[in-house]
Amino acid sequence: MSTPAPPKSRYALGSAKNLVYSLLAVLGMVAVLVLMVPRVNSVGGPPVDIAGQAQDVHQRTGWPIVVPEGLPSGWTPTSVRYVRVTDGFMTWHVGYRTPSGTFVAVEQTKDPSRAWIAAQTNRAPKEGTVEIAGRSWDKYVRDNKVQNSLLSVPPTGSGELATLITGTASFEDMTTYVKALRPVG
């Protein structure tokens, strides 16, 4: 003979009240976990060795590349590289985040093509020229992509590098950046 199964408890049958209590208990535990877990405000990459990379590129190429020196506080280096870009041009790049959180970089190459200039300025239209630190710079503005650029191209064969200052920074921050550029060597 088998014994009859015990009757199910009223709690196991469930009720709206028990469902709400269970849900509140779970949400309370989740809230405690969310408050306990630390969150990152910003993600930073590895330190950027601009001086070391600049010396290496200068020694290998003999190019008169430039790097910013003596920028005001709040300017943070973000990137440095020497890579092949548009039309196969080897390009020196040094990028910084400005105190206002925008980005600005210097790009340098020898005797750039029109395609290199178009690609690096993001095909922005030229909007005149400005004089900064004793050089004439072509000014490019790309409103719909929020990119500003300043370009100084020496005569072909002069041995000087074309220098492009580009990024999301204002022209005021770009002027500060240009004034801080110094030749490596």
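Going by the structure above, here's the rest.
Residues numbered from 1 in each chain as written. Predicted model: local features only at pLDDT ≥ 70, side-chain atom pairs only at ≥ 80, totals over all residues. Heavy atoms only, no water.

Alignment of strand S5 (residues 126-132) against strand S6 (residues 135-142), held across five bridges, turns out to be antiparallel. Along S6, the bridge assignment pairs Val130 with Trp137. Connecting the antiparallel pair S5 and S6 is a turn made up of two residues, with Ala133 showing a positive phi of about 55°. Counted along the chain from S6 to the antiparallel partner strand S7 (residues 147-152), the turn is four residues long, and its residue Val146 has a positive phi close to 45°. (Pairing = 2+ DSSP bridges. Helix = DSSP H or I, 4+ residues; strand = E, 2+ residues; numbered from the N terminus.)

What follows concerns the nonpolar core. Formed by 28 residues in total, the largest nonpolar core has its most connected members in Ile65, Trp92, Val94, Tyr96, Val104, Ile165 and Tyr177. Broken down by secondary-structure element, the contributors of at least two residues to this core are helix H3 (50-61), strand S1 (66-68), strand S2 (76-84), strand S3 (90-97), strand S4 (103-109) and helix H5 (171-180). Here the element with the most residues in this core is H5; it accounts for four residues. Aside from chain neighbours lying at most four places away, what touches Ile65 is Ala54, Val57, His58, Trp92, Gln108, Leu161, Arg182, Pro183 and Val184. Grouped together as the second largest cluster of nonpolar side chains are seven residues, Phe89, Ile117, Tyr140 and Leu151 included. (Core = buried A, V, L, I, M, F, W, Y, C linked by side-chain atoms within 4.5 Å. Buried < 20%, exposed > 50% of the residue type's maximum accessible area, 1.4 Å probe, protein only. Contact = heavy atoms within 4.5 Å.)

Our next topic: the side chain of Thr166. Relative to the assigned elements, Thr166 resides in strand S8 (residues 162-167). Using a relative accessible area of 7% as the deciding quantity, one classes Thr166 as buried. When sequence neighbours within four positions are dropped, the list of residues in contact with Thr166 reads Phe103, Val104, Ala105, Glu107, Gln120, Gln147, Asn148, Ser149 and Met174.

Our focus in this paragraph is the sheet that holds S3. Strand order in the open sheet formed by seven strands is S2-S3-S4-S8-S7-S6-S5, and the pairing between neighbours is antiparallel. Looking at which strands have only one partner, the edges of the open sheet turn out to be S2 and S5. Direction aside, the axes of adjacent strands within the sheet are offset by 20° on average. Looking at chain direction, S2 and S3 are connected through eight bridges and run antiparallel. If you follow Arg84 over to S3, its bridge partner there is Met90. (Axes fitted to C-alpha atoms, helices over the stretch in contact; angles between N-to-C directions.)

As a further point, take the pattern of salt bridges. Counted under the stated rule, the structure contains two salt bridges. Among the ionic pairs, Arg60 bridges to Asp56, the shortest N-O distance being 3.2 Å. One end of the pair, Arg60, and the other, Asp56, are both in helix H3, four residues apart, so they sit about a helical turn from each other. Classification of Arg60 by relative accessible area gives exposed; the value is 55%. Asp56 sits in the partly exposed class, given a relative accessible area of 36%. (Salt bridge = Lys/Arg side-chain N within 4 Å of Asp/Glu carboxyl O.)

It is worth spelling out the packing of aromatic side chains at this point. For the structure on display, the rule yields three aromatic pairs. Taking the centre distance of 5.7 Å and the plane angle of 85° together, the rings of Trp63 and Tyr82 count as edge-to-face. Here Tyr82 lies in strand S2 and Trp63 lies in the loop between H3 and S1, a separation of 19 residues in the sequence. As far as burial versus exposure is concerned, Trp63 and Tyr82 are alike and both buried. Arranged with centres 5.9 Å apart and planes meeting at 65°, the rings of Tyr96 and Tyr177 form a pair that is edge-to-face. Of this pair, Tyr96 sits in strand S3 while Tyr177 is found in helix H5, placing the two residues 81 residues apart along the sequence. (Phe/Tyr/Trp six-rings, centres within 6.5 Å; stacked < 30°, edge-to-face > 60°.)

We now examine the environment of Trp92. As for its position among the elements, Trp92 is in strand S3. Accessibility expressed as a relative area gives 0% for Trp92, which makes it buried. Sequence-wise, Trp92 and Asn18 are 74 residues apart; in three dimensions their C-alpha atoms are separated by 66 Å. Residues in contact with Trp92, not counting those within four places in the same chain, are Gln53, Ala54, Val57, Ile65, Val66, Val67, Val80, Arg81, Tyr82, Val106, Glu107 and Gln108. At a separation of 3.0 Å, a polar atom in the side chain of Trp92 contacts the main-chain carbonyl oxygen of Val66. (Polar contact = N/O pair within 3.5 Å; in protein donor to acceptor, adjacent residues only side chain to side chain.)

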